[in-house]
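# Structural overview
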Amino acid sequence: MPLVKGEKITDDTFVHVADDAEIPADGAILISSARFLENAEALSQRAGRTGVIWPNSRDVDDLVPWLDRLAVVALVFPTFRDGRAYSQARLLRERFNYRGELRATGQVLRDQFLFMLRAGFDAFEVKKPADAEAFANTVKRYSVFYQPTGDGRMTTLHRRMMLRHSESANP
Amino acid sequence: MYAYDELDRTLINERVEEFRDQVKRRLAGELTEDEFKMLRLQNGVYLQLHAYMFRVAIPYGTLSSKQLRQLAHVARRYDRGYGHFTTRQNIQFNWIKLAELPDALADLAEVGIHAMQTSGNNTRNVTSDQWAGVAPGEIEDPRIWSELLRQYTTLHPEFSFLPRKFKFAITASAHDRAAIKIHDIGLRLHKNAEGETGFEVLVGGGLGRTPFIAKTIKSFVHGRDLLSYVEAILRVYNQYGRRDNIYKARIKILVHELGIEKFAREVEDEWQEMRDSDTALTLDDAMIEDIRSRFSYPAYEKLPHMPEELKTAAHDPLFERWRKNSVFMHKIQGYAIVTLSLKPVGGPPGDATADQMDTLADLADKYSFGEIRVGHEQNLALPHVARRDLPALWKALDKIGLATPNVNLVSDIIACPGLDYCSLANARSIPIAQELTRRFANHDTANLIGRLHINISGCINACGHHHVGHIGILGVEKNGEEFYQITIGGRADENAELGALIGPAVPYGEVADVVEDIVEAYLALRARPDELFVDSVKRLGVEPFRERVYATR
Amino acid sequence: MTSPLEQKKIKITGPSVVTANRTWDGIVIYRTARQDWSAKLSDAAIVRTSDDARALLAESAADDVGAVGAYIAPVEIKEGGKIKPGNLREHIRLQGVTIDLPVPA
């Protein structure tokens, strides 16, 4: 499954470690939330980079104490119709100031890339290779955004305010 | 009328291009139907029995004449020459081809019309009072807030994949013409003791398999906090609404399962945390003014209440009958709101032909400052008619079949498309409505009966709002035959209430007889000629009506 | 006329066909015995057992590009072999709405 970061397909340096497999002392790993929380203190201080796969049915609050020590938080779209991870993503970025990689996993389709970007995702395990290749073009589809999220894109209300001010400044 | 600016138009065009690409990928096999279905629903495209159905948004039920002409064009060019106005102030076309939809959308985009989020598990058309901006006694025009909400909810990255559909309605009048109490979020605009504009927020209304009347979650949210408060509600719903069972996925179920107090606390907690961390959604006066400034209002003349033209026309009993039925008070002296009945005798309720739409657009230009309204009861309205123009307007409307004087009467029926069109239906609704209009075609009889709302749904999804009909008719299936359950006493307004079943379902051929029996019972039992049917039911209960109907069945 | 879209278990009680809508324009189509679709009910393949119905549906559903929403619908076989729709819903799908259209076709 292609991983897209920075609008390009890149290699995934993180290894997914199954719940019954041994966690290497070093190296970049992705482990389940249950596994992580069993031993969070120790795991968050391991030598390699650690990432957690967080289910969409659980509040992100429980992960918050460890956020500044995690390299990746992977959220899940079990079906493309299930939009809970969009809320989780925004909370992580905008309320809890998470700065690491926020990865979208599961059913990730082309037509959702822009929503995901705006919600705060910056890495995407894309279901279809053709979609991954189309990423850069797809996210250019829209230039107008009505509502604010933490992505910094200027909303229409603000653009209109700016237009008004520049009109009155330069009559 | 809201004037779309460059930004609004750009967004609509970008959406059309995206959908064009999605259709292309679908037809080339790069998208499965399972993946595409969600995308086409987000553009109002359903699959029905014989064809696709295309639901076009008419935000808060307001259209310009130019837009109405373009709807007529779409009906002619891409469909079978007519459209159907819905119980959510939208319009539907029933015969559209998927391959031609991008072009139809592009044509609509030219006049600022779109189909964004008219279906799917997202936030739908924000509906309002079809008399917004012109109703006497209105606090202020609710469409300004409807537009703010429309923009905020359009292509919202966090809320485009909700557990289920989500519907808003706003009213700003004491009498609720927007049926806010049967919406997921209902907003009652009013002023607080300090004279500030804000909203009573109601949540969890909805019909369908488990109907609920909405409950108040907060008695006053200041206008500037509207969007942030709505975001808090949506976020709680997005995270905790059920995803395992589509029949239990609406917010009304979440509110019911948590209880309104606990739900209100969840929302309040979320809202407080939002306000603590940032104020991006707080509306300042400048932003509200900016949207308000894009609404234009007519340059009304100073006109007399009783012009000569009306005095003369008063001698014509047919004109008078129509005027007394279809013409309503306007907040400006000398003007009137005119309701156009789309319920002709023997016709399918809520339909208009392309020819009617074109002629109506011309009449709107001539008599209503180019503006038309769509009501959730599936009629249209001209909101700015000078009273001196009423006689001339009536003649013109009568010529095109838009002057049936049955507004709010027994033959002004609200009906879903039913089994003739819809793949969800169990039974037909349109022929039932048609037969009822024939039984009650006599206008004197209809006036004698007085205000009586009949609502017909072809299945439990209740798109005809049968639960809140004064008489509600629900199509069910029994052994392959069409049967109908009848309820009475429902209301959709500020005194919203669900109707009560009168007895076992009756077969297709008997529905009109049953309704006649119910009406006869009412006429015999009402306390006074002006006691409305729905009030008689409230006073007497279901029993006397049940007795009458089932005595010989 | 319970919506066949809610068909979970496939159990047929008489002769049946597989029907769907054509993807690009939405018209009603029926699965033939030749692995394609026809707008004519007379071309439809008839199945008479639940196993055959399941097999035909699976085969039809594989054509995701050409057809949408395939399901199993009852038919009646008249004397002389003429196939007719087996319930009101299928009758409406084949013949069209039971009311006059606002604009005559």
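Residues numbered from 1 in each chain as written. Chains lettered and ligands numbered in written order. Predicted model: local features only at pLDDT ≥ 70, side-chain atom pairs only at ≥ 80, totals over all residues.

## With respect to the overall build of chain C
Rules: Put simply, DSSP H or I for four residues or longer makes a helix, DSSP E for two residues or longer makes a strand, and each gets a number counted from the N terminus. Radius of gyration: C-alpha atoms only; globule rule: 2.2 Å multiplied by the number of residues to the exponent 0.38. Three exposure classes are used, based on other C-beta atoms lying within 10 Å of a residue's own C-beta, which is placed from the backbone: buried for 20 or more, exposed for 12 or fewer, and partly exposed in between. Placing C-beta atoms from the backbone, we regard two residues as in contact once those atoms come within 7 Å.
When you go through chain C residue by residue, the secondary structure sums to two helices and five strands. Its helices and strands taken in sequence order, chain C reads β-β-β-α-β-β-α from the N to the C terminus. Taken over the C-alpha trace, chain C has a radius of gyration of 14 Å; the compact-globule value for 105 residues is 13 Å, and the two agree within 12%. Expressed as a percentage of its 105 residues, the buried residues of chain C come to 30%. For chain C, contacts bridging at least 24 residues in sequence account for 56% of all contacts bridging at least 6.

## Section: the sheet that holds strand 7 (residues 101-106) of chain A
Residues and elements named next belong to chain A. Rules: Two strands are said to pair when DSSP picks up at least two bridges between them. Only the stretch in contact is used when a helix axis is fitted, and all axes are lines through C-alpha atoms; the angle between N-to-C directions ranges over 0 to 180 degrees.
The strand order 2-1-8-7-6-5-4-3 describes an open sheet built from eight strands, whose pairing is mixed. Each edge of the sheet is formed by a strand with only one pairing partner; in this case those strands are strand 2 (8-10) and strand 3 (15-16). By the bridge criterion, two bridges tie strand 3 to strand 4 (residues 29-32) in an arrangement that is parallel. Its bridge partner lying in strand 4, His16 is registered against Leu30. Strands strand 6 (72-77) and strand 7 of the sheet are contacted by helix 3 (residues 84-95), whose axis makes an angle of about 160 degrees with strand 6.

## Here we look at helix 2 (residues 88-95) of chain C
Residue and element names in this part refer to chain C. Filter applied, for reference: The directions considered for the arc are those from the helix axis to the C-beta atoms.
Along helix 2, the positions that sit buried rather than exposed are Arg89, Glu90, Ile92 and Arg93. Viewed along the axis of helix 2, the buried residues span an arc of 160 degrees, placing them on a single side of the element. Close packing links the buried residues of helix 2 with strand 2 (28-31), strand 4 (67-77) and strand 5 (83-85). Gly96 lies just past helix 2 and shows a positive phi near 105 degrees.

## With respect to the interface of chain A and chain B
Put simply, the test is: Residues are grouped as follows: Ala, Val, Leu, Ile, Met, Phe, Trp, Tyr, Cys and Pro are nonpolar; Asp, Glu, Lys and Arg are charged; all remaining types, including Gly, are polar.
Facing 29 residues of chain A, the contacting portion of chain B comprises 33 residues. The set of elements that each furnish at least two residues to the side of chain A that touches chain B consists of helix 3, helix 4 (113-119) and helix 7 (156-169) of chain A. Take the side of chain A that touches chain B: its biggest share by element is six residues, from helix 3 of chain A. Here the residues of the side of chain A that touches chain B sort into 12 nonpolar, six polar and 11 charged.

## Observations regarding the pairing of strand 18 (residues 471-478) of chain B
Residue and element names in this part refer to chain B. The element strand 18 is extensively covered by neighbouring structure, given that six of its eight residues are classed as buried. One ladder, built from eight bridges, connects strand 18 with strand 19 (residues 481-488); its direction is antiparallel. For Ile471, the partnering residue across the bridge sits in strand 19 and is Ile488.

## What to know about the sheet that holds strand 4 of chain C
Residue and element names in this part refer to chain C. Here we have five strands laid out as an open sheet, ordered 3-2-1-4-5, and antiparallel in their pairing. Both edges of this open sheet fall to strand 3 (37-38) and strand 5, since each of them pairs with a single strand only. Relative to strand 2, strand 1 (residues 16-22) is paired through three bridges, and the arrangement is antiparallel. Directly across from Ala20, in strand 2, lies its bridge partner Ile29. Seen against the sheet, helix 1 (residues 50-61) touches strand 1, strand 2 and strand 4 and runs at an angle of roughly 150 degrees to strand 4. Each of strand 2, strand 4 and strand 5 touches helix 2; the most contacted strand, strand 5, lies at about 105 degrees to it.

## Some details on helix 14 (residues 430-439) of chain B
Residues and elements named next belong to chain B. Most of helix 14 is tucked away: seven of the 10 residues are buried. All buried positions along helix 14 are accounted for by Ile430, Pro431, Ile432, Ala433, Gln434, Leu436 and Thr437. Where the residues of helix 14 are buried, they touch strand 16 (414-415), strand 17 (454-457), strand 18 and helix 16 (511-525).

## Details of the interface of chain B and chain C
Between chain B and chain C, the contact holds 31 residues from the first and 28 residues from the second. When residues of the side of chain B that touches chain C are traced back to their parent elements, those giving at least two are strand 13 (351-353) and helix 14 of chain B. Considered class by class, the residues forming the side of chain B that touches chain C number 15 nonpolar, nine polar and seven charged.

## So, the domain arrangement of chain A
All names here are of chain A. As a reminder of what qualifies: All the domain ranges listed were derived from an automatic or database domain assignment.
For chain A, the domain assignment lists domain 1 (3-140) and domain 2 (143-171). For domain 1 and domain 2, the distance between their C-alpha centres works out to 31 Å. The interface is formed by seven residues belonging to domain 1 together with four residues belonging to domain 2. Elements represented by at least two residues in the side of domain 1 that touches domain 2 include exactly helix 3 and helix 4. Residue composition of the side of domain 1 that touches domain 2, grouped by class: two nonpolar, one polar and four charged.

## Re unusual backbone geometry
The backbone of A:Glu7 shows a phi angle near 70 degrees, a positive value even though the residue is not glycine. By secondary structure assignment, the location of A:Glu7 is in the loop between strand 1 (3-5) and strand 2. Among the residues examined, A:Glu7 registers 15 C-beta atoms within 10 Å and is labelled partly exposed. A positive phi is found at B:His465, a non-glycine position, where the angle reads about 60 degrees. In this structure, B:His465 sits in the loop between strand 17 and strand 18.

## Regarding the packing of helix 6 (residues 226-240) of chain B against helix 8 (residues 260-277) of chain B
Residues and elements named next belong to chain B. Our working definition: Each angle is binned into one of four classes, with values under 35 degrees roughly parallel, values over 145 roughly antiparallel, values of 65 to 115 roughly perpendicular, and all other values oblique. Should the near helix be turned anticlockwise from the far one by less than a right angle, the crossing is left-handed, and should it be turned clockwise, the crossing is right-handed.
One can describe the packing of helix 6 onto helix 8 by two numbers: an axis separation of 9 Å at closest approach and a directional angle of 125 degrees. As summarised for this structure, helix 6 and helix 8 are arranged oblique, according to the angle between their axes. The handedness of the crossing between helix 6 and helix 8 is right-handed. When helix 6 is examined against helix 8, the residues Ser228, Tyr229, Glu231, Ala232, Ile233, Arg235 and Val236 are found in contact with a partner set consisting of Glu266, Val267, Glu270, Trp271, Met274 and Arg275.

## What to know about the packing of helix 7 (residues 251-258) of chain B against helix 8 of chain B
Residue and element names in this part refer to chain B. One can describe the packing of helix 7 onto helix 8 by two numbers: an axis separation of 6 Å at closest approach and a directional angle of 110 degrees. Taken together, the axis directions place helix 7 and helix 8 in an arrangement best described as roughly perpendicular. Within the contact between the two elements, helix 7 uses Leu254, Val255 and Leu258 and helix 8 uses Ile260, Lys262 and Phe263. Residues of the contact of helix 7 with helix 8, tallied by class, amount to five nonpolar, no polar and one charged.

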